[in-house]
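Here is how the chains run, residue by residue.
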2 protein chains.
Amino acid sequence: MPTSTVENYLKTIYMQQQRAGGKNVAMGKLAKAMDVVPGTATAMIKTLADSGLVDYKPRGGVSLSDKGETLALHILRRHRLLELFLVEVLGLDWTEVHDEAEELEHATSDKVLARIDDYLGHPDTDPHGDPIPPAKGAHAPVQLKSLADSATQKKLVIARVVDQGCEFLQFLNQHGLRPGTRINILSYDRVVDAITVKPYKHEPVTLGMAAAGKILVEKPAT
Amino acid sequence: MPTSTVENYLKTIYMQQQRAGGKNVAMGKLAKAMDVVPGTATAMIKTLADSGLVDYKPRGGVSLSDKGETLALHILRRHRLLELFLVEVLGLDWTEVHDEAEELEHATSDKVLARIDDYLGHPDTDPHGDPIPPAKGAHAPVQLKSLADSATQKKLVIARVVDQGCEFLQFLNQHGLRPGTRINILSYDRVVDAITVKPYKHEPVTLGMAAAGKILVEKPAT
DNA sequence: ATTTCAATTTTGAGTATTCAAAATACCAAA
DNA sequence: TTTGGTATTTTGAATACTCAAAATTGAAAT
Ligand SMILES: [Mn+2]
Ligand SMILES: [Mn+2]
Ligand SMILES: [Mn+2]
Ligand SMILES: [Mn+2]
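About the thresholds
Residues numbered from 1 in each chain as written. Chains lettered and ligands numbered in written order. Predicted model: local features only at pLDDT ≥ 70, side-chain atom pairs only at ≥ 80, totals over all residues. Heavy atoms only, no water. Helix = DSSP H or I, 4+ residues; strand = E, 2+ residues; numbered from the N terminus. Buried < 20%, exposed > 50% of the residue type's maximum accessible area, 1.4 Å probe, protein only. Least-squares fit on C-alpha atoms with pLDDT ≥ 70 in both. Contact = heavy atoms within 4.5 Å. Donors = N, O, S within 2.8 Å, 3.2 Å for Na, K, Ca; no water. Near = heavy atom within 4 Å. Polar contact = N/O pair within 3.5 Å; in protein donor to acceptor, adjacent residues only side chain to side chain. Arc of directions from axis to C-beta. Pairing = 2+ DSSP bridges. Nonpolar A, V, L, I, M, F, W, Y, C, P; charged D, E, K, R; others polar. Domains from an automatic or database assignment. Buried area = accessible area lost by both parts, 1.4 Å probe. Salt bridge = Lys/Arg side-chain N within 4 Å of Asp/Glu carboxyl O.

Just give me the short version of unusual backbone geometry, but keep the residues and values in it.
Residue and element names in this part refer to chain A. Positive phi outside glycine occurs at His-122, with the angle close to 50 degrees. One can find His-122 in the loop between α6 (110–120) and β3 (145–146). Overall, the relative accessible area of 51% leaves His-122 in the exposed class.

Kindly report on the relation of the copies chain A and chain B, identifying the contributing residues and their values.
Placing chain A over chain B gives an RMSD of 0.0 Å and needs a rotation angle of 180 degrees, together with 0.0 Å of translation along the axis. With respect to symmetry, the two chain copies, as superposed, fit the operation of a two-fold axis. Comparing interface residues between copies, 100% of those in chain A also lie at the interface in chain B; the contact surface is shared.

A description of the coordination of the manganese ion (ligand 2) should follow, citing residues and the corresponding values.
The coordination sphere of the manganese ion (ligand 2), as far as protein atoms go, consists of Glu-83 of chain A (OE), Asp-126 of chain A (OD) and His-128 of chain A (ND1), spread over 2.1 to 2.3 Å. You can call Glu-83 of chain A buried: its relative accessible area is 0%.

Pulling in residues and values, what's your account of the protein's contact with DNA strand D?
For DNA strand D, the set of nearby residues contains 18 residues, the closest of which are Gly-28, Lys-46 and Tyr-56 of chain A together with Thr-3 and Thr-40 of chain B. Each atom of DNA strand D within 4 Å of the protein belongs either to a base or to sugar and phosphate, the latter forming 77%. The separation between a phosphate oxygen of DNA strand D and a polar side-chain atom of Tyr-9 of chain B is 3.3 Å. Residue Val-37 of chain B places a main-chain N or O atom 3.2 Å away from a phosphate oxygen belonging to DNA strand D. Secondary structure elements with two or more residues in the surface near DNA strand D: α2 (27–34) and α3 (38–50) of chain A together with α1 (4–19) and α3 (38–50) of chain B.

Can you lay out the coordination of the manganese ion (ligand 1) for me, pointing to particular residues and giving the numbers?
Metal coordination angles have textbook ideals: 109.5 degrees for a tetrahedral set of four donors and 90 or 180 degrees for an octahedral set of six. Residue and element names in this part refer to chain A. With distances of 1.9 to 2.4 Å, the protein atoms coordinating the manganese ion (ligand 1) are Asn-8 (OD1), Glu-102 (O), Glu-102 (OE), Glu-105 (OE) and His-106 (NE2). Sequence spacing of the donors to the manganese ion (ligand 1): N-x93-E-x2-E-H. Placement of Asn-8 in helix α1 (residues 4–19) and of Glu-102 in helix α5 (residues 97–104) is noted, with a sequence separation of 94 residues between them. The class for Asn-8 is partly exposed, based on a relative accessible area of 21%.

I'd love a proper account of helix α7 (residues 166–174) of chain B, names of residues and values included.
All names here are of chain B. Within the sequence span of α7, burial applies to Phe-168, Leu-169, Leu-172 and Asn-173. The buried residues of α7 occupy one face: seen down the axis, they fall within an arc of 135 degrees. Across α7 from its buried face, at more than 90 degrees, point the exposed residues Glu-167 and Gln-174. Those residues of α7 that are buried are in contact with β4 (155–161), α8 (209–212) and β8 (215–218). Phi for Gly-176, located one or two positions after α7, is positive at around 75 degrees.

Summarise the sheet that holds strand β6 (residues 194–199) of chain A; cite the residues concerned and give the values.
All names here are of chain A. The sheet built from 6 strands is open, its strands ordered β3-β8-β4-β5-β6-β7 with antiparallel pairing. With partners counted over all chains shown, the strands left at the sheet margins are β3 and β7 (205–208), one partner each. Here 2 bridges tie β3 to strand β8 (residues 215–218), and the two strands are oriented antiparallel to one another. Each residue of the ladder has a partner; that of Lys-145, found in β8, is Val-217.

Run through the protein's contact with DNA strand C, naming residues and quoting values.
Close to DNA strand C lie 18 residues, the nearest being Thr-3 and Thr-40 of chain A together with Gly-28, Lys-46 and Tyr-56 of chain B. Of everything in DNA strand C that lies within 4 Å of the protein, sugar and phosphate atoms constitute 81%. Side-chain polar atom of Arg-59 of chain A to a sugar or linking oxygen of DNA strand C: 3.4 Å apart, as the coordinates give it. The backbone of Arg-59 of chain B places a nitrogen or oxygen atom 2.8 Å from a phosphate oxygen of DNA strand C. Secondary-structure elements contributing two or more residues to the surface near DNA strand C are α1 and α3 of chain A together with α2 (27–34) and α3 of chain B. No other element matches α3 of chain B, which puts 4 residues into the surface near DNA strand C. Of the residues contributing to the surface near DNA strand C, the split by class is 9 nonpolar, 6 polar and 3 charged.

Give me the lowdown on the side chain of Arg-160 of chain A, citing residues and values where you can.
Residue and element names in this part refer to chain A. Along the chain, the position of Arg-160 falls in strand β4 (residues 155–161). One polar contact links Arg-160 to Asp-130, side chain to side chain, over a distance of 2.6 Å. Setting aside residues up to four positions removed in sequence, Arg-160 forms contacts with Arg-80, His-128, Gly-129, Asp-130, Pro-131, Leu-144, Lys-214, Ile-215 and Leu-216.

Quick rundown of the domain arrangement of chain A? Include the residues and the values.
Domain parsing of chain A yields domain 1 (4–64) and domain 2 (145–218). Computed over C-alpha atoms only, the centres of domain 1 of chain A and domain 2 of chain A are separated by 32 Å.

Could you give an account of the interface of chain A and chain B, with specific residues and numbers?
Contacts between chain A and chain B engage 18 residues on the former and 18 residues on the latter. Counting the surface lost from both chain A and chain B, the interface buries some 1600 Å², and carbon and sulfur atoms represent 63% of this. In terms of surface lost to chain B, no three residues of chain A exceed Leu-90, Ala-107 and Arg-115 of chain A, which account for 31% of the buried area on that side. Between the two partners, chain A and chain B, sit 2 salt bridges. Linking Lys-111 of chain A and Glu-96 of chain B is a salt bridge whose minimum nitrogen-to-oxygen distance equals 2.7 Å. Here chain A and chain B share 9 residue pairs in polar contact (both at pLDDT 80 or more) between them.

Give a detailed account of helix α6 (residues 110–120) of chain B, specifying residues and quantitative values.
Residue and element names in this part refer to chain B. All of the buried residues in α6 are Val-112, Leu-113, Ile-116, Asp-117 and Leu-120. Down the axis, α6 shows its buried residues gathered within 140 degrees of arc, on one side only. Gly-121 sits one or two positions beyond α6 and adopts a positive phi of about 75 degrees.

Laid out in structure tokens, this is it:
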């Protein structure tokens with residue numbers, strides 16, 4: 001029974017590794033992501049390595065072992081199912097469920113999680129469009145382009161938002177930009193580093209490229 | 001932000017104090033209830049006293065301060081509301097929700113709890129018949145007699161079961177004895193220390209007085 | 001008044017997690 | 001090759017919680 005601290009480290013390593021394309025995660029990055037000083041991360045990683053949850057080469061960074069990855073995916077599954085449950089069943093806002101799930105993910109048993117999964121009809125994406133890892137087996141990694149890389153398309157649908165920051169999410173929400181929303185690209189300007197989109201039934205919004213990079217899109221289905 | 005350890009101590013002290021009729025709780029009792037050695041309880045109580053959550057007289061036992069009692073009631077409210085939610089919404093068995101709630105009670109925010117309360121329609125008893133403390137203000141203590149003290153009545157309704165042990169609860173469940181069940185007392189024998197009851201639509205069951213003492217009853221409403 | 005014993009407290013130590021600050025290693029520029 | 005400078009690790013210490021075992025206390029029994 002890993003502590004919630006351990007679970008958080010594993011989940012963070014997993015996500016950093018994703019972002020970095022499977023490579024080892026540098027201790028500095030990890031420490032930053034976990035909001036601890038570097039020495040703390042080093043100490044913790046050493047104990048995780050002793051438990052066989054990660055592979056660690058001093059000054060070479062960390063990566064998850066198979067055991068660690070399995071665990072990390074379980075936590076991630078918990079987290080995302082809980083987020084969806086909070087939105088769908090309890091009516092919380094999709095901009096605020098992340099922090100709630102961050103705690104609940106460590107207190108929810110497999111039994112309760114299975115009920116939640118049933119209740120929701122075995123969904124495969126959470127309120128932010130993030131894929132929910134299956135109970136067993138690997139999930140096919142969906143390849144999505146960001147809004148910043150989709151200048152050529154005029155009509156798109158928001159598929160996923162890769163930032164859990166409440167401020168950012170609330171901004172998007174205010175302007176009608178949420179997973180599932182159809183949008184039109186009105187202008188795309190590399191020079192001023194900005195893109196203007198019109199969300200369905202909302203006023204146009206202009207975003208910087210950094211922000212646009214966090215919004216993943218796909219072609220409209222219909 | 002008290003740790004979950006602190007929350008568990010406070011809740012336990014509250015319940016012990018109830019059982020003992022408001023008097024101070026002896027360290028031995030507390031240690032037993034918390035499943036720690038006595039020295040651990042003493043150490044913890046000293047820090048709780050320093051935080052102003054309990055009153056402690058060395059060798060005189062502990063009691064909750066006003067601050068501590070308020071907190072204890074919040075945890076208890078969380079616990080019971082969560083139990084009911086698990087039963088009503090997720091379909092868990094009333095015999096198994098206690099342990100789940102024991103963890104979730106420390107991870108559930110006030111916001112989520114309020115939604116759960118709304119969802120359930122502001123209930124006032126949990127699946128075991130235990131009263132759910134209100135969000136604010138004190139609850140009127142309901143006075144219930146146990147089955148062991150109700151020999152004179154023939155027709156009764158189970159109001160509450162004051163034991164969270166999975167074994168005991170499952171036994172009751174198997175024989176159709178749950179909160180809300182109407183029962184008839186078939187025999188009551190002080191000499192052999194046993195009482196036989198017939199639950200509505202179930203076969204008669206014989207219980208020892210110790211077990212009967214954990215089943216609280218009231219007069220049938222209808 | 002003494003003895004005795006159970007309850008309680010104290011002491012010493014261990015695990016898990018964290019930080020501040022000093023030491024070290026590595027890569028890259030000069 | 002020497003010098004930096006940054007990333008990382010190490011060291012020393014703190015907090016929260018716990019146990020084992022020794023010391024103490026208070027009250028009941030003699
Ligand atoms: Mn978490
Ligand atoms: Mn999410
Ligand atoms: Mn608990
Ligand atoms: Mn209960």
